[in-house]
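What follows is the residue order along each chain.
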Amino acid sequence: MVRVRFAPSPTGYLHIGSARTFIFNWLFARHNGGTMILRIDDTDVERNTDESLASIFEGLRWLDLGWDEQYRQSERFHLYREAAQALLEKGFAYRDFTPPDAKASAEEGEGKSGWLCHPEMRALSREESDRRAASGEPFVLRFRVPREPERTVAFRDLVYGEQSKSTADIEDFALLRSSWAPTYHHASCVDDADLRITHIIRGQDHLTNTFKHVLLFEALGAEMPAFAHLPLLIAPDGAKLSKRRHGPVVSVLIYRDAGFLPHAYVNFLCLLGWNPKDDREKMTREELIEAFTLEGVNRSNAVVNFTEEDPIDPKALWLNSQHIYSLPAEKLAELLEPVWRSAGYEVSREKALRVTPLIQERIKTLNDAVAVADFFFLRELAPYDAAELIPQKGDRALALRVLEKALAVLPDGDFSHAAIEERLRAAASELGVKAGQMFQPIRVAVCGRKNAPPLFETLEVVGRETCLERIARAIELLKRES
RNA sequence: GGCGCUAUCGUCUAAGGGUUAGGACGGAGCCCUCUCAAGGCUCAAAUACGGGUUCGAAUCCCGUUAGCGCUACCA
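Computed from a predicted model, the values in this text were never measured in an experiment. (Residues numbered from 1 in each chain as written. Chains lettered and ligands numbered in written order. Predicted model: local features only at pLDDT ≥ 70, side-chain atom pairs only at ≥ 80, totals over all residues. Heavy atoms only, no water.)

Engineer: How should I be thinking about the overall build of chain A in this particular structure?
Structural biologist: Assigned secondary structure in chain A consists of 22 helices and twelve strands. Against the compact-globule benchmark of 23 Å for 482 residues, chain A has a radius of gyration of 32 Å, which places it well outside the compact range. With respect to the principal axes defined by its C-alpha atoms, chain A has extents near 105 × 45 × 35 Å. Sorting the 482 residues of chain A into buried and exposed places 50% on the buried side. (Helix = DSSP H or I, 4+ residues; strand = E, 2+ residues; numbered from the N terminus. Rg over C-alpha atoms; globule rule 2.2 N^0.38 Å. Buried < 20%, exposed > 50% of the residue type's maximum accessible area, 1.4 Å probe, protein only.)

What follows is the structure, given as structure tokens:
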């Protein structure tokens, strides 16, 4: 039974790279019929904030993937202490009484020689160690990395292949701080063992930490999980994505706020560092689950393409438009309604349903619908330049003739788009003007701009009364300007 | 500094000894067309560098360079 976990620590919002790690874990679990676990790694009391925790949940909820079990490390401290105690008993760990500032200065003095361990502390007898601890002297508990004989720690990463490192290059890392709070390494391994995690899928920044974890799992007597490290997501400047350097673009929430479909965003993130081994790009959630394997994960870091002017990756935008396009119109309308409403438009269910098909292939984000569809909802058109009313290769007089003809021909008869087209085309040939010259002034009069959805469908949805009003107003405008 | 990882068009990537090095986004152009979009077609655009191994290297090996990661009582 596959069990995987996503283990964020609440020290910031949900980072785009973390989101991808979550998604890959989730996909792996679903593909294998396994269990997805969310574990909040909040062992660093100093840096954790409730605000950050809330924002991580907000991001995760928006992704709309879900998880099966949930844990919080701050509620499991007893586990880490018990494990630490056992490690100490068995000689896998030792107390280091060196004060924190003394260590720093020692390192400076000795250059690089002091980083591995403190031989005196490692060699402290159990009796003296116990005595000093009992007397209340603060210490950190360190893992006793096997030194003599020096040996090689090895594991096979499911993405990066065989990995090995000499214990001579692994330092005696801390397990417990002087506050008795566990460090990341300790809490993480104890939990992974306790929760029977079968596959640890996480960022490549943990690849070298894994040697320590292998040692810890062995000492804990735990079954060794499989490891799979993921290439990192980096900024266009090649640096690690950070809030400090790159601003809020590293948060998943800006994609939500920009009007992304969560499915499209998930799709985009999947294509960063993974591919289905065929040419598919736009994939549904089901297709992703079906196609996802660790073999498809590659090894080099991927750039999230954004600029200072535009925080959204162009490929993400394109994928979003593809997902919007393949949504059933009723579903899209449902999503668009609140967007329009919050822009201050008066929108009924029925109106939303009629407008949506006209703009569906013209929006890349949900938010685009505000600007693209304004004239369907606004009673009064935003002011526009009268010159826009004048068609290509035409003049003001032609525009006036066209609009007056439209005003004559539109009030009677069927107002369906087919009937409108028929009448307008007939009117154009009567006038002896090209169809385009006929349609353009009407489009601008009704929509307030040159670029809009197909004219006849648009007129139909806008409605006869409003169309006539707007055309009349355009005529006034033209006359006033001349 | 030490240790580890990585290197194909601007970006995401395919090809894992034999291909005119393929696709996608973005860019340019053309077609379609009532405008815009969508769609179709075309073009420009890459194997970091140097050595090996081999009949043959983007692919395997070594070195160089560059980038990233770890080297905390952060995670």
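Engineer: Mind showing me how you'd approach the environment of L207 here?
Structural biologist: As for its position among the elements, L207 is in the loop between strand 9 (199-203) and helix 8 (209-220). With 177 residues separating them in the primary sequence, L207 and R30 have C-alpha atoms 24 Å apart.

Engineer: Help me out: how do you make sense of the nonpolar core in this one?
Structural biologist: Within soluble globular proteins, side chains that are nonpolar tend to cluster in buried spots. In terms of nonpolar packing, the biggest core is built from 83 residues, with I23, L63, Y255, Y265 and W274 touching the most fellow members. The greatest single-element share of this core, amounting to nine residues, is contributed by helix 1 (residues 16-31). Leaving out residues up to four positions away in the same chain, L63 has contacts with L14, A19, F22, P262, Y265, V266 and R285. Formed by 57 residues, the second largest nonpolar core is a distinct cluster that contains F376, A386, F456 and I475. (Core = buried A, V, L, I, M, F, W, Y, C linked by side-chain atoms within 4.5 Å. Contact = heavy atoms within 4.5 Å.)

Engineer: Before we go on, may I ask you to explain the protein's contact with RNA strand B in this structure?
Structural biologist: Residues in contact with RNA strand B amount to 66 residues; listed here are only the nearest, R177, G273, N275, E361 and R362. When atoms of RNA strand B within 4 Å of the protein are split into backbone and base, the sugar-phosphate part holds 72%. Side-chain polar atom of R142 to a phosphate oxygen of RNA strand B: 2.9 Å apart, as the coordinates give it. At a separation of 2.9 Å, a base nitrogen of RNA strand B approaches a polar side-chain atom of K315. (Near = heavy atom within 4 Å. Polar contact = N/O pair within 3.5 Å; in protein donor to acceptor, adjacent residues only side chain to side chain.)

Engineer: Any chance you could explain helix 2 (residues 50-63) here in plain terms?
Structural biologist: Counting along an α-helix, one turn takes 3.6 residues, and residues three or four places apart therefore face a common direction. With 14 residues, helix 2 should reach 20 Å at 1.5 Å per residue; the first-to-last C-alpha distance of 20 Å fits that figure. Taken together, the buried positions of helix 2 are occupied by S52, L53, S55, I56, F57, G59, L60, W62 and L63. Where helix 2 ends, the next residue or the one after it, D64, has phi of about 65°, a positive value. (Expected span 1.5 Å × (residues − 1).)

Engineer: Got a minute to help me understand helix 15 (residues 349-359) in this structure?
Structural biologist: If you check which residues of helix 15 are buried, you get A352, V355, T356, L358 and I359. When helix 15 is viewed along its axis, its buried side chains cluster within an angular range of 160° and face the same direction. If you follow the buried residues of helix 15, they end up packed against helix 14 (329-342), helix 16 (368-372), helix 17 (374-377) and helix 21 (455-462). (Arc of directions from axis to C-beta.)

Engineer: What should I look at first to understand the side chain of D172 in this one?
Structural biologist: Tracing the sequence through the fold places D172 in the loop between strand 7 (161-166) and strand 8 (174-176). Of note is the side chain of D172, whose polar atom sits 3.0 Å from the side chain of R122. At a separation of 2.7 Å, a polar atom in the side chain of D172 contacts the side chain of R147. Beyond its immediate chain neighbours, meaning those up to four positions away, D172 contacts Y94, L116, C117, R122, R142, F143, R144, V145 and R147.

Engineer: Hey, could you run me through the pairing of strand 1 (residues 3-6) in this one?
Structural biologist: Note on strand geometry: in a regular strand, side chains alternate between the two faces of the sheet. By the alternation rule, side chains of strand 1 split into R3 and R5 and V4 and F6, which are all buried. As a crossover connection, the stretch from strand 1 through helix 1 into strand 2 (residues 35-40) is right-handed. (Right-handed = clockwise from strand over helix to strand, strands pointing away.)

Engineer: Would you explain the sheet that holds strand 5 (residues 140-143) in this entry?
Structural biologist: Across a sheet, strands are paired by hydrogen bonds formed along the backbone, either parallel or antiparallel in direction. Strand order in the open sheet made by the three strands is 4-5-8, with antiparallel pairing throughout. With partners counted over all chains shown, the strands left at the sheet margins are strand 4 (93-96) and strand 8, one partner each. Put simply, the sheet's adjacent strands are angled 40° from each other on average, direction ignored. The sheet contact formed by strand 4 and strand 5 spans four bridges and is antiparallel. If you follow A93 over to strand 5, its bridge partner there is F143. (Pairing = 2+ DSSP bridges. Axes fitted to C-alpha atoms, helices over the stretch in contact; angles between N-to-C directions.)

Engineer: Just checking my understanding: could you explain the pattern of salt bridges for this structure?
Structural biologist: One side chain can pair with another of opposite charge once the charged atoms of both are near each other. Tallied over the entire structure, the rule returns 36 salt bridges. Between K212 and E171 there is a salt bridge, and its shortest N-O distance comes to 2.9 Å. Here K212 is found in helix 8, whereas its partner E171 is found in the loop between strand 7 and strand 8, with 41 residues between them in sequence. On the basis of relative accessibility, which here comes to 11%, the residue K212 falls in the buried class. Note on E171: relative accessible area 22%, which makes it partly exposed. Ionic pairing is found between E421 and R425, a salt bridge with its closest N-O pair at 2.9 Å. Taken together, the residues E421 and R425, both in helix 19 (residues 417-431) and four residues apart, mark about one turn of the helix. Judged by relative accessible area, which is 42%, R425 ranks as partly exposed. (Salt bridge = Lys/Arg side-chain N within 4 Å of Asp/Glu carboxyl O.)

Engineer: Can you walk me through the side chain of H206 in this structure?
Structural biologist: Looking at where H206 falls in the secondary structure, it is placed in the loop between strand 9 and helix 8. Among the polar contacts listed, one links the side chain of H206 to the side chain of Y184, at a separation of 3.4 Å. Among residues more than four places away in sequence, those in contact with H206 are Y184 and H229.

Engineer: Please clarify how unusual backbone geometry should be interpreted in this entry.
Structural biologist: Across the chain, the bulk of peptide bonds are trans and the bulk of non-glycine residues have phi less than zero. P149 follows E148 through a cis peptide bond whose omega is 5°. Locating P149 in the fold gives a position in the loop between strand 5 and strand 6 (152-157). Positive phi, normally seen in glycine, also occurs at D64, with a value near 65°. Inspection of the secondary structure puts D64 in the loop between helix 2 and strand 3 (69-72). The partly exposed category is assigned to D64, whose relative accessible area is 47%.

Engineer: Could you clarify how one ought to interpret the packing of helix 20 (residues 435-447) against helix 21 in this entry?
Structural biologist: Helix-helix packing: each pair is described by the crossing angle between the helix axes and the interaxial distance. One way to put it is that helix 20 packs onto helix 21 with a least axis distance of 11 Å and a crossing angle of 35°. The way helix 20 lies across helix 21 gives a crossing that is left-handed. In contact with F439, I442, R443, V446 and C447 of helix 20, helix 21 contributes L455, F456, T458, L459 and V462. Considering only residue class, the contact of helix 20 with helix 21 consists of eight nonpolar, one polar and one charged. (Left-handed = near helix turned anticlockwise from the far one by under 90°. Nonpolar A, V, L, I, M, F, W, Y, C, P; charged D, E, K, R; others polar.)

Interpretation note: all reported values are geometric properties and have no functional meaning in isolation.
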